[in-house]
Amino acid sequence: MPLVEALSLAAKDTTGVFTCMPIERRAPKANDVLINITHCGICHSDLHQVRGEWPMPHLFPMVPGHEIVGEVVDVGADVKKFKKGDKVGVGCMVDSCLDCTNCKAGVEQYCCGSGWTGTYNAVIKDKNKINIKNHELGENIYGGYSTAITVREEFVLRVPDNLPLVKAGPLLCAGITVYSPLVNFGAKKGGKTFHTAIVGFGGLGHMAVKIAKAMGNTVTVISRGTKKTDAAKKCGADNFVDSKNADEFKKATGQFDLIINTIAANHPVRAYMSLLKFDGTMCMVGIPPDTFQMMAFDLIMGRKKLAGSLIGGIKETQEMLDFCSKHKITPDTELIAAKDVNKAYHELSTGANDASRFVIDMATLTKGLKVENEPKIDPSTWRPHPAAVFFPKESNAHAKQRNDMQMMREG
């Protein structure tokens, strides 16, 4: 099969340090679109996965990135929706069965057939479907921290003309992740009397504020400390609650129709249920690594609901892009060169970048690029999830470090 050469930013193990790595993409098949990637956003889930912090398989070398935008450079013979030169995007998935009940309903992210295929950290094991055998398990799918990608037409999205590519990428994860629950739990129909709270004010949180305000809601941001108050108000928030201030938090009791919880770290989830009105819903979109406690009384007393939401289907994602185009909504971003990705990851892990989303300028990813080290990155400050599985095994650098230390003690 003909191949397309590309460059990527890859992490070789759970130390999460990136280097430049050549990769290959398949040449377009009949229903494929080949995209020259111009920009790719850095999502917090990218950080979690290169560090092995989720209870799932992790494939290395890993090329993250599912906030991909660029231009079409080639299409297969059967492609109808796209042509060379079109502005397009690719989000969190690149395949599903397209034939099960959920896929036919337009929620491919909940595919109950063969399951949906992520844009990275995913593997194709079926010998009949492997395009490039590049891993011990089959085909390791590489994401958008790269110069090109080939995706089947059904999973490519059209970027409206008034959304600049440098800004559009984060909409394909952060944007749809909050848009979908806002629509499905009543915010879009609720208007001004519908009170939405956004817990956490980072990449997801700031997009949730902008979209909820465009839907006409009264919006409150809940965050630790007051550092982000001005940024939240600038995005359109009507109110700000410091979750560390016990009096402020208590005053918010029973105030919200919907809470969008974007926090990806462990935190007292249960405490936020008291802030819901009768029949209110808290929807989890951030993914804390560990379990949390919830009592039945928290739900029963007020007929409250705790829900979750995973990105959105392709149709809904296109709807979100068109909504953002209509309301002139773009994320707050910081454009970085490919050489600075390690520094950006450190800042993301410490929250130093406030609410903005890092976006990599892929024009700066060139052959022979030396990705700069970030001396502040300290792998001892995180641990892979105990239920995580690594391929190959040696990519769990933390396990190797523990084994080496044990051998030193025994020696």
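Structure's up top.
Residue indices begin from 1 for each chain and proceed along its sequence in written order. A pLDDT threshold of at least 70 governs which residues receive local features in this predicted model, and a stricter bar of 80 or more applies before side-chain atom pairs are shown or counted, although totals over entire chains, interfaces and linings include all residues. Water and hydrogen atoms play no part in the side-chain values, which are based on all heavy atoms of the structure.

Engineer: Looking at this model, I keep getting lost on the packing of helix H4 (residues 174-184) against helix H10 (residues 314-326). Mind explaining?
Structural biologist: The packing of two helices is summarised by the inter-axis angle and the distance between the axes. Angles here are taken between N-to-C directions and fall from 0 to 180 degrees, while the axes themselves are lines fitted to C-alpha atoms, restricted in helices to the stretch in contact. Counting from the N terminus, the helices are DSSP H or I runs at least four residues long and the strands are E runs at least two residues long. Relative to each other, H4 and H10 sit at 95°, their axes nearing to 10 Å. In terms of orientation, H4 and H10 fall into the roughly perpendicular class. Together, Gly-175, Ile-176, Tyr-179, Ser-180, Val-183 and Asn-184 of H4 and Glu-316, Thr-317, Glu-319, Met-320 and Phe-323 of H10 make up the contact between the two elements. Put simply, Ala, Val, Leu, Ile, Met, Phe, Trp, Tyr, Cys and Pro go in the nonpolar bin, Asp, Glu, Lys and Arg in the charged bin, and everything else, Gly too, in the polar bin. A breakdown of the residues in the contact of H4 with H10 according to their chemical character gives five nonpolar, four polar and two charged. Throughout, the term roughly parallel applies to angles under 35 degrees, roughly antiparallel to angles over 145, roughly perpendicular to angles from 65 to 115, and oblique to all others. Throughout, a residue-residue contact means that at least one pair of heavy atoms, one from each residue, lies within 4.5 Å.

Engineer: Would you take a moment to explain the packing of aromatic side chains for this structure?
Structural biologist: Any pair of aromatic rings gets described here by the distance separating the centres and the angle formed by the planes. Only Phe, Tyr and Trp rings take part, Trp by its six-membered ring, and two of them pair if their centres are within 6.5 Å. Stacked means planes under 30 degrees apart, edge-to-face means over 60, and tilted covers everything else. Overall, the coordinates contain five aromatic pairs when judged by the stated rule. Here Phe-18 and Tyr-345 contribute two aromatic rings whose centre-to-centre distance is 4.8 Å and whose plane-to-plane angle is 65°, an arrangement assigned as edge-to-face. Of this pair, Phe-18 sits in strand S2 (residues 18-26) while Tyr-345 sits in helix H11 (residues 341-350), and the two are 327 residues apart along the sequence. Here a set of aromatic residues connected by ring pairs shows up, and it is made of Phe-18, Tyr-145 and Tyr-345. We note Arg-51 situated over the ring of Trp-382; from NZ or CZ to the ring centre the distance is 3.5 Å. Lysine and arginine charges are scored as sitting over a ring when NZ or CZ, respectively, is within 6 Å of the ring centre and within 35 degrees of the ring normal.

Engineer: Can you walk me through the side chain of Gln-109 in this structure?
Structural biologist: Along the polypeptide, Gln-109 turns up in the loop between helix H2 (101-104) and strand S8 (117-118). Here Gln-109 falls in the buried class, since its relative accessible area comes to 3%. Those residues in contact with Gln-109 that sit more than four places away from it in its chain are Met-93, Trp-116, Leu-310, Ile-311, Gly-312 and Gly-313. To sort residues, take the accessible area from a 1.4 Å probe on protein chains only and compare it with the maximum for the residue type: under 20% means buried, over 50% means exposed, and anything in between is partly exposed.

Engineer: Before we go on, may I ask you to explain a nonpolar patch on the surface in this structure?
Structural biologist: Note that patches include only residues with greater than 30% relative accessible area and no salt bridge, and the join distances are 9 Å for like charges and 5 Å for nonpolar side chains (Val, Leu, Ile, Met, Phe, Trp, Tyr). The protein chains shown are the only cover counted for residues, whose accessible areas, like all others here, come from Shrake-Rupley with a 1.4 Å probe. Salt bridge criterion: a side-chain nitrogen from Lys or Arg within 4 Å of a carboxyl oxygen from Asp or Glu. Together, Met-295, Phe-297, Ile-300 and Met-301 make up an exposed nonpolar region whose accessible area comes to about 460 Å². What makes Met-301 exposed here is its relative accessible area of 55%.

Engineer: When you look at the pattern of salt bridges in this model, what are you seeing that I'm missing?
Structural biologist: Pairs can form between side chains of opposite charge whenever their charged atoms are close. One pass over the full model with this rule turns up 17 salt bridges. A salt bridge links Lys-188 to Glu-319, with the shortest nitrogen-to-oxygen separation between them at 3.9 Å. Of this pair, Lys-188 sits in helix H5 (residues 187-190) while Glu-319 is found in helix H10, placing the two residues 131 residues apart along the sequence. Between Asp-332 and Lys-210 there is a salt bridge whose closest N-O contact spans 2.9 Å. Here the residue Asp-332 occupies a position in the loop between H10 and strand S19 (333-337), and Lys-210 occupies one in helix H6 (residues 203-214), the gap between them amounting to 122 residues.

Engineer: Which parts of the structure should I look at to understand H4?
Structural biologist: One full turn of an α-helix is made of 3.6 residues, so residues set three or four places apart face in the same direction. Burial runs high along H4: nine of the 11 residues are buried. All of the buried residues in H4 are Ala-174, Gly-175, Ile-176, Thr-177, Val-178, Tyr-179, Ser-180, Pro-181 and Leu-182. One or two residues past the end of H4 sits Gly-186, with phi positive at roughly 100°.

Engineer: Sorry if this is basic, but what is going on with the packing of H4 against H6 here?
Structural biologist: At a minimum axis distance of 8 Å, the contact between H4 and H6 shows a crossing angle of 50°. Taken together, the axes of H4 and H6 are oblique relative to one another. The way H4 lies across H6 gives a crossing that is right-handed. The segment H4 lies against H6, with Ala-174, Gly-175, Thr-177, Val-178, Tyr-179 and Leu-182 engaging Gly-203, Leu-204, Met-207, Ala-208, Ile-211 and Ala-212. Taken together, the residues of the contact of H4 with H6 sort by class into nine nonpolar, three polar and no charged. Crossings are sorted by hand: turned counterclockwise from the far helix by less than a right angle, the near helix makes the crossing left-handed, and turned clockwise it makes it right-handed.

Engineer: Before we go on, may I ask you to explain empty space enclosed by the protein in this structure?
Structural biologist: Sizing a probe to match a water molecule and rolling it over the atoms shows the empty space that remains. Grid points spaced at 1 Å and placed over the protein atoms alone form the basis of the search, with a cavity being a set where a 1.4 Å probe fits but cannot get out and a pocket an open set showing protein on both sides within 12 Å along at least five of seven lines. Lining residues have an atom within 4 Å of a point. Grid points are joined across faces, edges and corners, and a volume is the space filled by probe spheres set on the points. Summed over the entire model, instances satisfying the criterion amount to two cavities of 30 Å³ or more. For the lining of the largest cavity, the residue count by class is seven nonpolar, three polar and no charged. Each pocket or cavity is described by its volume, and for the second largest cavity that value is around 50 Å³. What lines the second largest cavity is Thr-15, Gly-16, Leu-47, Val-50, Arg-51, Tyr-345, His-346, Ile-377 and Trp-382.

Engineer: Mind showing me how you'd approach the environment of Pro-2 here?
Structural biologist: Mapped onto the fold, Pro-2 is located in the segment before strand S1 (3-11). Between the alpha carbons of Pro-2 and Pro-28 there is a distance of 8.7 Å; along the sequence they are 26 residues apart. Apart from residues no more than four positions distant in its own chain, Pro-2 is found in contact with Arg-26 and Ala-27.

Engineer: It is not clear to me how the sheet that holds strand S15 (residues 239-242) should be interpreted in this structure. Could you clarify?
Structural biologist: Sheet strands line up and pair through hydrogen bonds in the backbone, either parallel or antiparallel. The rule for pairing is simple: two strands pair if DSSP sees at least two bridges between them. Spatially, the six strands line up as an open sheet ordered S15-S14-S13-S16-S17-S18, and their pairing is parallel. In the strand order of this sheet, the two ends are held by S15 and strand S18 (305-308), each with one partner. In this sheet, adjacent strand axes meet at a mean angle of 20° when their direction is disregarded. H4 contacts strand S13 (195-199), strand S16 (256-261) and strand S17 (276-284) of the sheet and is inclined by roughly 160° relative to S16. Here H6 sits on the sheet and contacts S13 and strand S14 (218-223); the angle it forms with S14, its principal contact strand, is near 165°.

Engineer: Could you clarify how one ought to interpret the environment of Val-166 in this entry?
Structural biologist: Positionally, Val-166 belongs in helix H3 (residues 165-168). What makes Val-166 partly exposed here is its relative accessible area of 27%. Val-166 sits 121 residues away from Ser-45 along the chain, and the two C-alpha atoms are 20 Å apart. Not counting residues within four places of it along the chain, the set of residues in contact with Val-166 comprises His-39, Thr-333, Leu-335 and Val-359.

Engineer: Teacher, can you tell me more about the pairing of S1 here?
Structural biologist: Along a regular strand, successive side chains alternate from one face of the sheet to the other. Burial of S1 is extensive: seven of the nine residues sit out of reach of the surface. What sits between the antiparallel neighbours S1 and S2 is a turn of six residues, in which Gly-16 has the positive phi angle 70°.

Engineer: Would you explain the pairing of S16 in this entry?
Structural biologist: The buried fraction of S16 amounts to five of the six residues, a majority that puts the element mostly inside the structure. In this sheet, S16 lies alongside S13 in parallel orientation, the contact comprising four bridges. Across the sheet, Thr-196 pairs through a bridge with Leu-258, a residue of S16.

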